[in-house]
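# Chain and residue survey
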Amino acid sequence: FRSPNNYVFLPQWMFKGLGLRPRDVVDIKLMTKTPPGSAVRLRPHTSAFVNIGNHQAVLETELKHYSALTLGSTIPFDYRGERYSFDVVDFRSAPQGGEGADGQCAGL
């Protein structure tokens with residue numbers, strides 16, 4: 001699959017998250033040195049998420065679908081027919097030379 005020159009095809013969640021509409025013009029900059037993260041703090045939109053069994057494991061599994069997080073963004077996902085949303089309110093980068101965190105140890 002290749003897009004025409006000067007076009008980018010985005011997944012629907014990214015399109016929506018960026019507040020874009022069809023045929024919007026945007027500037028894109030390739031970031032090749034994004035620091036790995038060591039921890040993230042998320043704020044749920046509702047408290048319903050903590051009522052599901054093993055909610056931390058569910059959240060860790062869902063976060064593996066994201067290769068990067070942006071401060072102030074909202075992460076939505078569906079679990080057992082319900083939609084849950086979380087705001088990214090804080091995160092820490094790994095110390096220079098240190099290992100980044102994966103979903104298993106990101107201090108959720």
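For the structure given in this document, a descriptive report is provided here. Given the structure is predicted, the values throughout are model-derived calculations rather than measurements. (Residues numbered from 1 in each chain as written. Predicted model: local features only at pLDDT ≥ 70, side-chain atom pairs only at ≥ 80, totals over all residues. Heavy atoms only, no water.)

## Side note on the side chain of Ser85
Rule in force here: Only runs of H or I of at least four residues qualify as helices and only runs of E of at least two qualify as strands under DSSP, and these elements are numbered from the N terminus. Residue contacts are defined here by distance: any two heavy atoms, one from each residue, within 4.5 Å place the two residues in contact.
Positionally, Ser85 belongs in strand β3 (residues 82–93). Not counting residues up to four positions away in its chain, the partners in contact with Ser85 are Arg43, Pro44, His45, Thr74, Ile75 and Pro76.

## Describing the packing of aromatic side chains
The following threshold applies: Stacked, tilted and edge-to-face are the three classes assigned to paired rings of Phe, Tyr and Trp, where Trp is represented by its six-membered ring and a pair needs centres within 6.5 Å; plane angles under 30 degrees give stacked, over 60 edge-to-face, the rest tilted. Only protein chains enter the accessibility calculation, which uses a 1.4 Å probe. A residue is then buried if its area is under 20% of the maximum for its type, exposed if over 50%, and partly exposed in between.
This structure, assessed with the given rule, holds five aromatic pairs. Centre to centre, the rings of Phe77 and Tyr84 are 6.2 Å apart; their planes meet at 40°, and the pair counts as tilted. Of the residues examined, Tyr84 reaches a relative accessible area of 9% and is grouped as buried. Aromatic side chains Phe77 and Phe86 sit 5.8 Å apart centroid to centroid with 10° between the ring planes, which places their arrangement in the stacked category. Just as Phe77 is buried, Phe86 falls in that class too. Within the aromatic cluster, the residues linked to one another by ring pairs are Phe49, Phe77, Tyr84 and Phe86.

## Looking at the sheet that holds strand β2 (residues 74–79)
The cut-off we apply is this: Should DSSP find at least two bridges between two strands, the strands are taken to pair. Every axis in this analysis is a line fitted to C-alpha atoms, fitted for helices over the stretch in contact. Angles between the N-to-C directions lie between 0 and 180 degrees.
Here three strands make up an open sheet; going across it, the order is β1-β3-β2 and the pairing antiparallel. Lying at the two open borders of the sheet, with one neighbouring strand each, are β1 (37–44) and β2. On average, adjacent strands in this sheet sit at an angle of 40° to one another, irrespective of strand direction. Where β2 and β3 come together, six bridges link them in antiparallel fashion. For Tyr79, the partnering residue across the bridge sits in β3 and is Glu82. Relative to β2, helix α2 (residues 55–63) is tilted by about 115°, and along the sheet it contacts β1, β2 and β3.

## A short note on the pattern of salt bridges
Threshold: Take a side-chain nitrogen of Lys or Arg and a carboxyl oxygen of Asp or Glu: if they are within 4 Å of each other, that pair is a salt bridge.
Scanning the entire structure with this criterion turns up two salt bridges. The salt bridge involving Asp90 is made with Arg41; its shortest N-O contact spans 3.3 Å. Placement of the pair is Asp90 in strand β3 and Arg41 in strand β1, with a sequence separation of 49 residues. With relative accessibility at 31%, the residue Asp90 sits in the partly exposed group. Take Arg41: its relative accessible area is 48%, and that puts it in the partly exposed class. Measuring nitrogen to oxygen at the nearest pair gives 2.8 Å for the salt bridge that ties Arg83 to Asp78. Overall, the relative accessible area of 52% leaves Arg83 in the exposed class. When its relative accessible area of 44% is taken as the criterion, Asp78 is described as partly exposed.

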